[in-house]
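# Structural features, examined
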Amino acid sequence: MKLQAPYAWLTNALLFQVGWFICVLTGSIPALFATLIILFIHFKWIGSWQIERDIILTTWLLGSALDSFLVQLNIIQLSTPSLLIPLWLSCLWVLFATLLNHCLSWLQSKRLLSMLLAPPIAALSYFAGDKLTSVTINTTGLIIIGICWAGLFPLLLSFAQLFTKQNLVNTP
């Protein structure tokens, strides 16, 4: 049985927050297990794999590619040199994707608002990650991340809306 709003939205937001802290505070292997458990709970009580799989894959790929690019530009500095972001950071993109059709769905039709809200919220999240992990991001980096999110967040919301419509039509 699926949870109904507002319980589904609240549970969705809480699962993301729990996952965020686990990923940031524990590292890659615990982050992977936590992400898998959260996805299981999400699909059991909140979402649908058939409807959200493309959203999750696209968000994970675009988000991980963006953060990896920012690592290459030395905007996000890791404690050990790498071409790609660590698994725990990649898991955060999977968890973030679960929000797009649920507690953040109200922004799908408000692209301009999402573009305005994304920079400060993203910068705050990355700033918190900077303080809680071995990742380093300076003030200029936070501004660049905010600008990137101003474009990425509305794009991800658009993809979520599009994929949901397509998958609802194609789901038997």
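A short tour of the structure in this document, coming up. (Residues numbered from 1 in each chain as written. Predicted model: local features only at pLDDT ≥ 70, side-chain atom pairs only at ≥ 80, totals over all residues. Heavy atoms only, no water.)

## Details of the overall build of the protein
Within the protein, the regular secondary structure consists of 6 helices and 0 strands. For 172 residues, the compact-globule estimate of 2.2 N^0.38 gives 16 Å, and the C-alpha radius of gyration of the protein, at 16 Å, lies within 12% of that figure. Dimensions of the protein, computed from C-alpha atoms along their principal axes, come out at roughly 45 × 35 × 25 Å. Across the 172 residues of the protein, 45% fall into the buried class. Nonlocal contacts in the protein, meaning residues at least 24 apart in sequence, comprise 77% of its contacts between residues at least 6 apart. (Helix = DSSP H or I, 4+ residues; strand = E, 2+ residues; numbered from the N terminus. Rg over C-alpha atoms; globule rule 2.2 N^0.38 Å. Buried < 20%, exposed > 50% of the residue type's maximum accessible area, 1.4 Å probe, protein only. Contact = heavy atoms within 4.5 Å.)

## Notes on the packing of aromatic side chains
Scanning the model with the defined rule gives 9 aromatic pairs in all. Taking the centre distance of 5.0 Å and the plane angle of 85 degrees together, the rings of Trp20 and Phe21 count as edge-to-face. Ring centres of Trp149 and Phe153 lie 6.3 Å apart, and the angle between their planes is 40 degrees; on these two criteria the pair is classed as tilted. Residue Trp149 and its partner Phe153 are both found in helix H6 (residues 139-170); the two are separated by 4 residues, about one turn of the helix. Among the residues examined, Trp149 registers a relative accessible area of 9% and is labelled buried. Through a chain of ring-to-ring contacts, the aromatic side chains of Phe16, Trp93, Phe96, Trp149 and Phe153 assemble into a single cluster. Its end group placed over the ring of Trp45, Lys44 keeps NZ or CZ at 5.9 Å from the ring centre. (Phe/Tyr/Trp six-rings, centres within 6.5 Å; stacked < 30°, edge-to-face > 60°. Lys NZ or Arg CZ within 6 Å of the ring centre and 35° of its normal.)

## What to know about the state of the cysteines
Within the structure shown, the criterion is met by 0 disulfides. Of the cysteine sulfurs around Cys23, a residue in no disulfide, the closest is that of Cys91, at 5.1 Å. The structure places no disulfide on Cys103, whose sulfur is separated from the nearest cysteine sulfur, that of Cys23, by 16 Å. (Disulfide = S-S within 2.5 Å.)

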